[in-house]
Amino acid sequence: MSTITDPQKESFRLSMLLYDSRYRSATIQFVAFLGFIILVGWLIFNTKQNLDALGKGVEFKYLFEPASYDINQRLLDYNSRDTHFRAAIIGLLNTLVVAALGCVAATILGVVIGVLRLSNNWLVSRIMAFYVEVFRNIPVLLWILFIFAIMTDLFAAPKAFRGDSATSHMQLFDSVAFTNRGIYIPEPLFSRGLGDIHLFGNSSIRFDVSLDLWAFVLVLGLSFWAAFKVKKRADQIQDQTGNRPKTWYLRLGIIVVPTLLLLVALGFHLGYPALKGFNFQGGTFLRKSLIALWLALSLYTAAFIAEIVRAGIMAISTGQTEAAEALGIRSGKIMSLVILPQALRVIIPPLISNYLNLTKNSSLAIAVGYMDITGTLGGITMNQTGRELESILLMMLVYLSISLSISAVMNWYNESVKLEER
Amino acid sequence: MTKSILFGALTVTALAAGAAAAGTLDDVKARGKLNCGVSTGLVGFAAPDANGKWGGFDVSLCRSVAAAVLGDADAVEFVPTTGKTRFTALASGEIDMLARNTTWTFSRDVDLKFTFVGVNYYDGQGFIAPKDLGVSSAKDLDGATVCIQTGTTTELNLADFFRVNNISYEPVPIETNAEAIQQFLAGACDVYTTDASGLAASRATFENPGDYALLPEIISKEPLGPLVRHGDDEWGDVVRWTLYALLTAEELGVTSANLSEMAAGTDNPEINRLLGTEGTLGEMLGLDAGWAQAAIAVGGNYGEVFAKNIGEETPIGLARGLNAQWTEGGLMYSPPFR
Amino acid sequence: MSDVAFTRTEMLSEQAPPASSVGIVGWLHSRLFSSWFNGFLTVIVVIALFFVLYELLHWALSPTWNGTSLAECRQILVAMGQEQGNTFGACWGVIRERWVQLIFGFYPSDLYWRPIAAFVLLGVALGPILFADRVPKQLIWFTAVYPFLFPWLLWGGAFWVPILVILGIVFAYLANKFLAGIFGNLGAFISAVVVAIVWWLILMPMVGNGLNTIIGSVRMESTSVRLDAEIVRLSAEEEALNQQIEELTDTIESEQAANESRYVDDPDGLLEFIREIGAKKEALAELHKQSGNLSEELSGADSLNRRIQKLPELEAQYPDALAFAEKLRSELPKSVAHVSIDTELEALLEEVREGKSNATLEDTSKVVEVLEAETKAKSLKGEIAGTYRDVALIGLQPVESRDFGGFMLSITIGVVAIACSLPLGIVMALGRQSDLMIVKYLCIGFIEFIRGVPLITLLIVASTLLNIFLPPGTNFDIILRVLIMVTLFASAYMAEVIRGGLAALPKGQYEGADSLGLDYWQSQRLIIMPQALKISIPGIVSTFIGVFKDTTLVSIIGLLDPLGLSTAIRASAAWNGVVWELYGFIALIFWIFCFSMSRYSMYLERKLQTGHR
């Protein structure tokens, strides 16, 4: 029955495409690719037919027509005669602002709550556990609406601050006003400022660069660099002689003095909000929609981050701490030199994917009227121009680029910690 | 999931004039239900009650059309739409008509390819402000915070108004009317702007309606009316003339009380034509002879519908104003039934 | 010298621990006051808790359960002896009046048993998967049938529809089994898929129509008679009910008018009166509800009856209409004969105007006539088939998906999305792990795209664009479109979860499968997937929790999920201004669902972990 023969050199037959494992994978891939192309082609064909029937084409000219609506929170100057494109940029910036603020707040809150959950104080750890369970098991959209409603009911309207019989007053030496429209805080002003550089003329991507800000950043950067050099030198001396010179006052001076000098030179002072007309004027206005979105996203995401932090800390075995103690390392240093570097490797990847979620969830801004990119490009612009396909495409592209950049950071980090492994 | 091969025929029918290939009317008849787009909730105009039964001024028009076409005022599926989803719902064929206080504008009519079949409410954008704000005109609103409902033309009107008058303001866009009212009452905005009818409707539900006043400026024309897809003239006619039937009924004194009496035949030939006892108007529309009678039977004539849902007797308390019959100084003017 | 021993020769007996480290004191000491800082924290937290709870309870414990509007709630609160104008307190009347709506949406109230049954049976069907060790093995058969039962229970329809659908799978299975000998494994698999598709898309509708026509013709006479009787009965009932309503309304109005001035200085009396009249108002609302149901039933019966009466006429018209359309088509000039749908007509018109076609404008108007005649015939056919279908209906009354709302909608979206995304997710996870480069990159592209954009953009696609991507004339209703998009969304996450499960399997499992000589699909089916899926269940449950929470986003595109309904409720004159009660109720229910599921998932994780060690 079984005679062993040399495998014959077969000539190629069509059926080998299916049955010969050498060719089969190529066949399957080809078929899959063909199927994909056909699917995409079919979708595009349908779209074209449907758009023709509606008398619309795909074009992006509408982006450069006047938007004719106003946006309340704008980081760049904008008025209703500007283009839809500029409105979209304003929206994008608003998305980025709330995402960045949210990530910072969520991290701080999450770490605090995660650590407190491991506290040996029963009440505190119970409450933190309760916090985590409450926040992550209720939809974030509800939290956004909740906080919006809380701010509406909790704080008074500006008119309550007015007159002799005011029922509300400003907090913190009359510098901060909590109103149900938002919170007014002092703003930094420069009386001898260097002015702004205006870029890109009158186009849709024009923006102003504040020279004051740049000067500040530059001086601060230089000071830090100098302080770093001093520390390096101290390290060197310690390595050579075993004695570490005290340098903290020198470093502090290097950082603080030039910055203060610069601020004085520019005439730095704070602009305080004051009630004028219908609203508070002056100061920086954090709108209620921004705060509601920011807080809700941070509180919601913090519940997840707390769990990640807790898991990260618990993943480091107590043996590590004990070994470090045996080596005589001080307890403060144990955390920074032994536990954290190891815990971070566990913590950071899920942390970044939570940042990603937070950024995507910021698109719920429309629920409270925060004008992010979903509110401008995907909201009013789409609605007023009837260009759904183009607007949604652009919007998806924006979110996709944000997500992919965050993933790229994550991959880069994963690669960099991988190198330290055996 | 009805398949209508003629959904795409909109531009074609416009080109091949006269030979309109109708679809919607047949679809509705085959389906036995009218799909009518309404607001997700606006007091007096459209809101579901605890049993999920929809009622209101716009809803009533849907019911009249259903009665005219299918002989049954309850043969309506109400599809709640937001300011953002309403047009796509109509364009995609998900709904047969949209009765959701939608402003008739050039671009919506021409560019978005819809047909406004008439105006069932002449409105204008106004402002409401608390009396103790001490504002007597919208031009005093420099620096004020203004609540607006996003996704509507009010946003654009507002921007134009403040720009023309060269005063600044802070817009607070809000998704729904209910939420906007909440914000306004809490003082989170100084004034709220939307269609004056909506303002009056909302004011009616305030705890102390007397503390709030509408500002005198009406900053835009807002003819609100039902709309259908562009090109399907046969269906457009059905909705249009159902609306006109209600208007004409009021003009001719046909009410829900005397409807059956009048339907038996009167001396007035126009009433007879309207109610189908004379002539073949219904047949021309592709409907039964008693179509208008059925439409009027739902909630009475235009005046009765107005009075019942948003009129002065209701908490909303809107005066007829521009919406009175032309014979009484209003703009409601139906072409003759002839 | 004395004999002094410095070491003990006997053990000391055990002593009781110090009083400060046992019992309640010890617990307090070690858990709450172990250091001054901890003590400080404890005190702060207790004080904060006290204030929060005090305010919360003060608000929540308000006797407003019977209020029928916000204004009435305020009246009650004021009458409760609070100072004038202070209306701090919840208005629970809105929950009493609307909680059913918040749960079932607009689903017909006499059919509530169907969603309830569907979700209870869902629990039963999940038993063999989630609690494999506690339920009988045979239940797995029910699990296999359940996916077909679920839509039938919710959407209704004739009882044979799910059976016909299942038949498709049976046919595919048979084809796979018996053709394997002829075409080989792969060929049999392909032909099984073809058989199933042909059955579902072509044969099944034909069989369904046939059944409708046969059963419909048999039942036509009897249905007509039954409907006539029903209409008479229902009309009488409605009349009686309307009279009751009128009487009750009058009573309430007159009582209210009479008592308005009586209780100006008597808050207790007013409270009592509000309660009394509240009960009557409730009775009235109940009557209104009954009346609404009755009139709906009546109109349904009436319209079906009218359609039955019209049927012979339509059936007589149909052959003529069809013949007319065919005749017109046969008369079409050759140059335009190919046009059968509107888009083609449009293209033709374009060509004619540009002079590219040798057809004339007159020809195109003939085409329009043909299309019109064909549509007419088609709609006649549809109408006839519809009437037969409704007469032949033996089974559950169909419910349109736009009547779905409230938590029922959320759960339906969540369950359908997860169930449908599971097979898609498995395929994509395998694709992402496979060595086939193109397949791999297609899968990665899809997964990363979906995970990179927010769900809300996908929902906006569902509400505005999905119809544009499909062939002209396709028209799903919005809930189906949302289901499609949420399923795609969930499948990307599901793929990642399953990929995690696959990666967690030791390599030896793959090698073991290979060494047994199993081919790829056999090893996946018999060895890899059963283990990988089991490990993935906690991940799947948390994906489900995520999707379930995300269903609230559909309120942004105007669907009436609990949040959307809360907006609609707040738009009614009686409840304008109610916020906390609704949000609180919705949040509570979401919390109960999600929390119990996450607990289950943790339990499962622990169980699986011990199983592995």
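Being a predicted model, the structure only gives us computed values, none of them experimental.

As a further point, take the domain arrangement of chain B. A common way to express how large an interface is: the accessible area buried when the components associate. All names here are of chain B. One can read the domain layout of chain B as domain 1 (21–122 + 223–328) and domain 2 (125–220). The straight-line distance from the C-alpha centre of domain 1 to that of domain 2 is 29 Å. Opposite the 14 residues of domain 1 that make contact, domain 2 presents 11 residues. In this assembly, domain 1 and domain 2 are joined by zero salt bridges. Our count for the contact surface shared by domain 1 and domain 2 stands at zero residue pairs in polar contact (both at pLDDT 80 or more). Of the residues in the side of domain 1 that touches domain 2, the class split is eight nonpolar, three polar and three charged.

The next point concerns the side chain of Ser224 of chain C. Residue and element names in this part refer to chain C. Along the chain, the position of Ser224 falls in helix α7 (residues 160–259). Note on Ser224: relative accessible area 16%, which makes it buried. The residues contacting Ser224, other than those within four sequence positions of it, are Asn305 and Ile308.

Residue and element names in this part refer to chain B. Ordered in space as β10-β9-β11-β8-β12, the five strands form an open sheet in which the pairing is mixed. With one partner strand each, in any of the chains shown, β10 (169–174) and β12 (212–214) form the two edges of the open sheet. Adjacent strand axes in the sheet meet at a mean angle of 30°, parallel and antiparallel pairs treated alike. One ladder, built from three bridges, connects strand β8 (residues 125–130) with β12; its direction is antiparallel. In the strand pairing of β12, Ile128 is matched with Leu214. With respect to the sheet, helix α7 (residues 177–185) is in contact with β8, β9 (144–149), β10, β11 (191–195) and β12, its orientation differing from that of β11 by roughly 155°.

Turning our eyes to something else, we now look at the interface of chain B and chain A. Counting residues at the interface gives 42 residues for chain B and 37 residues for chain A. A buried area of about 2900 Å², summed over both sides, lies between chain B and chain A, and 51% of it is on carbon and sulfur atoms. It is Lys84, Leu156 and Arg163 of chain B that lose the most area in chain B upon contact with chain A, and together they represent 16% of the buried surface on that side. In this structure, the connection of chain B to chain A is made through three salt bridges. Salt-bridge contacts for Arg287 of chain A lead to Glu170 of chain B; the nearest nitrogen and oxygen are separated by 2.4 Å. Scanning the region where chain B abuts chain A turns up 12 residue pairs in polar contact (both at pLDDT 80 or more). Listing elements by their share of the side of chain B that touches chain A, those giving two or more residues are α1 (10–15), β9, α6 (153–164), β10 and α7 of chain B.

All names here are of chain C. If you check helix α6 (residues 139–155), its first and last C-alpha atoms are 24 Å apart, about what 17 residues at 1.5 Å a residue would give, namely 24 Å. At Tyr146, α6 is deflected by roughly 50°, the largest bend along its length, and proline Pro147 occurs up to four residues later in sequence. All of the buried residues in α6 are Thr143, Tyr146, Phe150, Trp152, Leu153, Leu154 and Trp155. Against α5 (113–130), β1 (157–158), α7, β2 (395–396), α11 (406–433) and α14 (478–504) lie the buried residues of α6. Gly156, located one to two residues past α6, shows a positive phi value of around 75°.

This part takes up the side chain of Thr464 of chain C. Turning to its location among the elements, Thr464 of chain C is positioned in helix α13 (residues 455–469). Apart from the residues within four sequence positions on either side, Thr464 of chain C is in contact with Met382, Glu388 and Ile392 of chain A together with Thr88 of chain B.

Turning to the pattern of salt bridges, a few remarks are in order. Within the structure shown, the criterion is met by 36 salt bridges over all chains. A salt bridge links Glu94 of chain B to Arg481 of chain C; the shortest N-O distance between them is 3.2 Å. Within this pair, whereas Glu94 of chain B is found in the loop between α4 (86–91) and β5 (97–103), its partner Arg481 of chain C is found in helix α14, the two belonging to separate chains. Of the two residues, Glu94 of chain B and Arg481 of chain C, both sit in the buried class. Residue Arg499 of chain C is joined to Glu496 of chain C by a salt bridge in which the shortest nitrogen-to-oxygen separation is 3.1 Å. Here the residue Arg499 of chain C and the residue Glu496 of chain C both occupy positions in helix α14, the gap between them amounting to three residues, near one helical turn.

Residue and element names in this part refer to chain C. Axis separation between α7 and helix α10 (residues 361–392) bottoms out at 5 Å; the angle between their running directions is 85°. Between α7 and α10, the angle is such that the two are roughly perpendicular. Facing Trp160, Asn212, Thr213, Ile215, Gly216, Ser217, Arg219, Met220 and Thr223 of α7, the residues of α10 in contact are Tyr388, Arg389, Val391 and Ala392. Class assignment for the residues of the contact of α7 with α10 results in six nonpolar, five polar and two charged.

Residues and elements named next belong to chain A. For the structure on display, the rule yields 56 aromatic pairs over all chains. Relative to Phe285, the ring of Tyr184 lies with its centre 4.4 Å away and its plane at 5°, an arrangement referred to as stacked. Taken together, the residues span a long stretch of sequence, with Tyr184 in strand β2 (residues 182–185) and Phe285 in strand β9 (residues 284–287) at a distance of 101 residues. Relative accessible area serves as the criterion here: at 3%, Tyr184 is assigned to the buried category.

Moving on, we get to the nonpolar core. Formed by 246 residues in total, the largest nonpolar core has its most connected members in Leu34, Val69, Met97, Trp235 and Leu275 of chain B together with Phe404 and Val482 of chain C. Those residues in contact with Met97 of chain B that sit more than four places away from it in its chain are Leu34, Asn35, Cys36, Gly37, Leu61, Val65, Leu90, Pro226, Leu227, Val228, Trp235 and Val239 of chain B.

All names here are of chain B. Within β8, six of the six residues are buried, leaving the element largely enclosed by the surrounding structure. Burial along β8 is two-sided: Gln125, Phe127 and Ala129 and Gly126, Ile128 and Pro130, pointing in opposite directions, are all buried. Bridge count between β8 and β11: four bridges; the pairing is antiparallel. For Gln125, the partnering residue across the bridge sits in β11 and is Asp195.

Turning our eyes to something else, we now look at the sheet that holds β9 of chain A. Residue and element names in this part refer to chain A. As summarised here, the arrangement of the three strands in space is β1-β2-β9, forming an open sheet in which the pairing is antiparallel. Here the strands that pair on one side only, and so sit at the sheet edges, are β1 (177–179) and β9. Each adjacent strand pair in this sheet contributes to an overall mean axis angle of 15°, direction not counted. In this structure, β1 lies alongside β2, joined through three bridges in antiparallel fashion.

This paragraph deals with the state of the cysteines. All names here are of chain B. Following the criterion strictly, the structure yields three disulfides over all chains and no others. The partner cysteine of Cys147 in its disulfide is Cys189, sulfur to sulfur 2.0 Å. Classification of the bridge connecting Cys147 and Cys189 rests on its S-S torsion, roughly -95°, and on that basis the disulfide is left-handed. Placement of the pair is Cys147 in strand β9 and Cys189 in the loop between α7 and β11, with a sequence separation of 42 residues.

Before going further, it helps to spend a moment on the pairing of β5 of chain B. Residues and elements named next belong to chain B. Among the seven residues of β5, seven are classified as buried, and the element is accordingly described as predominantly covered. Across two bridges, strand β1 (residues 34–39) lies against β5 in parallel orientation. Directly across from Gly37, in β5, lies its bridge partner Leu98. With three bridges joining them, β5 and strand β13 (residues 222–229) adopt antiparallel strand pairing. Across the sheet, residue Thr102 finds its bridge partner in β13, namely Gly225.

What follows deals with a nonpolar patch on the surface. On the surface, Ile169, Phe189, Ile190, Val193, Val194, Ile197, Val198, Trp200, Leu201, Ile202, Leu203 and Met206 of chain C cluster together into a nonpolar patch covering about 1100 Å² of accessible area. The topology assignment puts Trp200 of chain C in helix α7.

Glancing now at the interface of chain A and chain C. Taken together, the contact pairs 55 residues of chain A with 58 residues of chain C. Of the roughly 5000 Å² buried at the junction of chain A and chain C (both faces included), carbon and sulfur atoms supply 73%. The largest per-residue losses of area from chain A upon contact with chain C belong to Gln29, Asn137 and Met396 of chain A, which jointly make up 12% of the total buried on that side. Among the salt bridges present, the one from Glu133 of chain A reaches Arg599 of chain C, with a minimum N-O distance of 3.0 Å.

Analysis parameters
- Residues numbered from 1 in each chain as written.
- Chains lettered and ligands numbered in written order.
- Predicted model: local features only at pLDDT ≥ 70, side-chain atom pairs only at ≥ 80, totals over all residues.
- Heavy atoms only, no water.
- Domains from an automatic or database assignment.
- Contact = heavy atoms within 4.5 Å.
- Salt bridge = Lys/Arg side-chain N within 4 Å of Asp/Glu carboxyl O.
- Polar contact = N/O pair within 3.5 Å; in protein donor to acceptor, adjacent residues only side chain to side chain.
- Nonpolar A, V, L, I, M, F, W, Y, C, P; charged D, E, K, R; others polar.
- Helix = DSSP H or I, 4+ residues; strand = E, 2+ residues; numbered from the N terminus.
- Buried < 20%, exposed > 50% of the residue type's maximum accessible area, 1.4 Å probe, protein only.
- Pairing = 2+ DSSP bridges.
- Axes fitted to C-alpha atoms, helices over the stretch in contact; angles between N-to-C directions.
- Buried area = accessible area lost by both parts, 1.4 Å probe.
- Expected span 1.5 Å × (residues − 1).
- Bend = angle between axes of the 7 residues up to and from the residue.
- Parallel < 35°, antiparallel > 145°, perpendicular 65-115°, else oblique.
- Phe/Tyr/Trp six-rings, centres within 6.5 Å; stacked < 30°, edge-to-face > 60°.
- Core = buried A, V, L, I, M, F, W, Y, C linked by side-chain atoms within 4.5 Å.
- Disulfide = S-S within 2.5 Å.
- Patch = residues over 30% accessible without salt bridge, like charges linked within 9 Å, V, L, I, M, F, W, Y side chains within 5 Å.
- Areas by Shrake-Rupley, 256 points an atom, 1.4 Å probe, with all protein chains shown as cover.

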